[in-house]
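Listed below, chain by chain, are the residues.
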Amino acid sequence: MAEKKLICVIGATGNQGGSVARRFLQDSRFAVRALTRNPGSPAAQALKDLGAEVVQAELEDVESLKSAFQGANIIFSVTQYWEPFFRPDCRAKAAELGISCRKYAYDVEYRQGKNIADAAATVVDSLDDNGFLVSTLSHAGKATSGKMTEVYHFDSKADIFPQYVDEKYPELAKKMSCIHTGYFNTSHQILPNSYFQKQPDGSFQMRFPVRENRPIPHHDVVGDTGNFVYAVSQMPPGKAYMAAGSIVSFGEYIRLFGEHNNVPVSYKQVTFDDMVADTLGDEATGIEVANMYVYADDPGYDGGMELLTAEDLRKAGIDCPMTTLEEWIKKQDWSHVLAK
Ligand SMILES: NC(=O)c1ccc[n+]([C@@H]2O[C@H](COP(=O)([O-])OP(=O)(O)OC[C@H]3O[C@@H](n4cnc5c(N)ncnc54)[C@H](OP(=O)(O)O)[C@@H]3O)[C@@H](O)[C@H]2O)c1
């Protein structure tokens with residue numbers, strides 16, 4: 001039997017990486033190596049049960065990444081801006097340094113992304129031609145010619161993937177595909193007042209600093225990231241993608257929500273300050289996300305880049321099943337939202 005190809009999955013115990021690990025485990029031609037800080041966690045055990053090799057790795061420790069990547073044919077990379085953003089010890093550190101927790105989380109994500117690239121560069125020869133598959137986002141600073149410099153959780157990704165890799169490791173860059181992910185459909189859990197704000201008349205209002213008819217990418221992160229990345233792995237390298245099951249406006253989103261749940265709904269384009277107020281209490285979260293939604297309105301979530309979609313993958317003859325926003329809405333239990 002031919003030797004299996006090895007995919008090393010960063011973030012395998014999380015949403016994106018977990019979806020990728022599970023998709024590749026379904027293909028017997030692949031061995032999956034799952035990277036985690038804590039191989040004893042229930043999520044790591046679940047991956048072992050599915051047949052993954054679980055190894056300990058820390059994104060702050062480049063040596064641990066180098067050894068975890070040994071023999072890799074494919075590396076899937078993802079970084080998590082929001083963990084240091086919310087962690088109380090990181091907030092205390094940011095205060096000590098005299099910087100916002102938004103900038104602190106930028107610095108952590110930038111450093112961890114750089115470590116991933118530095119470690120991946122040491123195994124570039126074993127990687128497939130399209131063997132460096134990275135989850136990233138557009139660069140708000142560049143897309144707005146320097147007008148929006150505080151969409152930190154976008155720029156911290158784009159400053160590494162692709163910029164740092166392109167500049168520092170041309171051979172690795174040749175093997176890279178950049179995968180942008182749309183708004184996770186689950187984001188309403190973090191921003192309940194922006195997605196489904198109950199009005200005095202009992203109706204639900206969606207409220208963003210985004211035009212009602214502005215197309216926005218929506219993504220079923222757990223259900224579809226694996227399918228999308230698996231499809232991308234069958235493409236030539238060097239391209240950039242948007243993983244999304246639907247690209248539809250927030251006006252359409254709230255209409256679908258109302259239709260499915262049989263409740264009256266409305267959409268309101270609010271101001272930046274309204275959105276900060278809607279995030280209730282944590283001003284830093286409000287500022288970070290409101291900046292992002294203003295950016296998603298103009299120039300757009302993708303920063304105006306031409307990104308390949310699931311439809312383009314299908315046109316190339318590659319199977320890429322994705323969940324539309326409507327299908328996803330129909331599968332959810334909305335009782336906790338409706339009971340507000
Ligand atoms: N919410 C949205 O709408 C949206 C849209 C597009 C992009 N994003 C981006 O998606 C990213 C989060 O992705 P996700 O939802 O897949 O994250 P997640 O579910 O929180 O998973 C994060 C993973 O990263 C691993 N990890 C975190 N810090 C680590 C470290 N220091 N060393 C080693 N592993 C580490 C964790 O593994 P262990 O804990 O097991 O070590 C976990 O598996 C964020 O950067 C966010 O900006 C979000």
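These numbers were taken from a predicted model, which means no experiment stands behind them.

Caption draft 1: Quick look at the overall build of the chain. The secondary structure content of the chain amounts to 17 helices and 13 strands. Over its C-alpha atoms the chain spans a radius of gyration of 20 Å, differing by no more than 12% from the 20 Å that the globule rule assigns to 340 residues. Within the chain, the fraction of its 340 residues that count as buried is 45%. A sequence separation of at least 24 residues applies to 74% of the contacts in the chain between residues at least 6 apart.

Caption draft 2: Broad picture of the sheet that holds strand β4 (residues 74-77). Pairing within the open sheet is parallel, and its seven strands lie in the order β3-β2-β1-β4-β5-β6-β11. In the strand order of this sheet, the two ends are held by β3 (53-56) and β11 (240-243), each with one partner. Between one strand and the next, the sheet's axes are offset by a mean angle of 20°, whatever the strand orientation. Along the sheet face, helix α11 (residues 221-232) touches β4, β5 (132-136), β6 (176-181) and β11 and points at about 155° away from the line of β6.

Caption draft 3: Here's a closer look at the site of the ligand. Looking at the ligand, there are 27 residues lining it, with G11, G14, N15, Q16 and R37 nearest. Every element with two or more residues in the shell around the ligand is listed here: α1 (15-25), α4 (82-86) and β7 (183-184). With three residues, α1 is the largest single contributor of residues to the shell around the ligand. Taken together, the residues that form the shell around the ligand break down as nine nonpolar, 14 polar and four charged.

Caption draft 4: A look at the environment of A21. Within the element layout of this structure, A21 appears in helix α1. Taking the number of C-beta atoms within 10 Å as the measure of exposure, A21 has 30 and is therefore buried. Along the chain, A21 and A231 lie 210 residues apart, while their C-alpha atoms are 13 Å from each other. Residues within four places of A21 in sequence aside, it is in contact with V9, A12, V32, A34, L47 and A52.

Caption draft 5: Representation of the UniProt feature "domain: NmrA-like" (unreviewed entry) in the chain within the structure. Sequence positions flagged by UniProt for "domain: NmrA-like" (unreviewed entry) are, in local numbering, residues 3-329. Summarising residues 3-329: 46% helix, 17% strand, and an end-to-end C-alpha distance of 41 Å.

Caption draft 6: Expanded view of the nonpolar core. Counting residues in each nonpolar core, the largest one holds 98 residues, and the members touching the most others are V9, A34 and F76. A per-element tally of this core places helix α6 (residues 101-121) first, with nine residues. Ignoring anything within four residues of it in the chain, the contact list for A34 reads V9, A12, A21, A44, L47, A52, E53 and V54.

Caption draft 7: Structural context of the pairing of β6. In terms of residue burial, β6 counts as a mostly covered element, since six of its six residues are buried. By the alternation rule, side chains of β6 split into M176, C178 and H180 and S177, I179 and T181, which are all buried. Where β5 lies against β6, five bridges are found, and the strand directions are parallel. Each bridged residue has a counterpart across the sheet, and for F132 the counterpart in β6 is M176. Pairing of β6 with β11, which is carried by four bridges, proceeds in the parallel orientation. Its bridge partner being in β11, C178 is matched across the sheet by A240.

Caption draft 8: Layout of the sheet that holds β7. The three strands are arranged β7-β10-β12 in an open sheet whose pairing can be described as mixed. With partners counted over all chains shown, the strands left at the sheet margins are β7 and β12 (246-248), one partner each. Relative to β12, strand β10 (residues 216-219) runs antiparallel, the two being bridged by three bridges. Of the residues in β12, the one forming a bridge with P217 is I247.

Caption draft 9: Region of the structure containing unusual backbone geometry. The residue after F161, namely P162, is reached through a cis peptide bond having omega 20°. As for its placement among the helices and strands, P162 is situated in helix α8 (residues 152-168). Of note, the amide linkage connecting D298 to P299 takes the cis form, showing an omega dihedral of 10°. Topologically, P299 is positioned in helix α14 (residues 283-300). The backbone of S145 shows a phi angle near 50°, a positive value even though the residue is not glycine. Secondary-structure assignment places S145 in the loop between α7 (140-143) and α8. The phi dihedral of N262 is positive, around 55°, even though this residue is not glycine. With respect to the helices and strands, the residue N262 is situated in the loop between α12 (250-261) and β13 (265-269). With 7 C-beta atoms counted inside 10 Å, the residue N262 sits in the exposed group.

So, how was this worked out
- Residues numbered from 1 in each chain as written.
- Predicted model: local features only at pLDDT ≥ 70, side-chain atom pairs only at ≥ 80, totals over all residues.
- Helix = DSSP H or I, 4+ residues; strand = E, 2+ residues; numbered from the N terminus.
- Rg over C-alpha atoms; globule rule 2.2 N^0.38 Å.
- Buried ≥ 20, exposed ≤ 12 C-beta atoms within 10 Å, placed from the backbone.
- Contact = placed C-beta atoms within 7 Å.
- Pairing = 2+ DSSP bridges.
- Axes fitted to C-alpha atoms, helices over the stretch in contact; angles between N-to-C directions.
- Near = placed C-beta within 6 Å.
- Nonpolar A, V, L, I, M, F, W, Y, C, P; charged D, E, K, R; others polar.
- UniProt positions renumbered as here; feature names shortened; annotations may be inferred.
- Core = buried A, V, L, I, M, F, W, Y, C linked by C-beta atoms within 7 Å.

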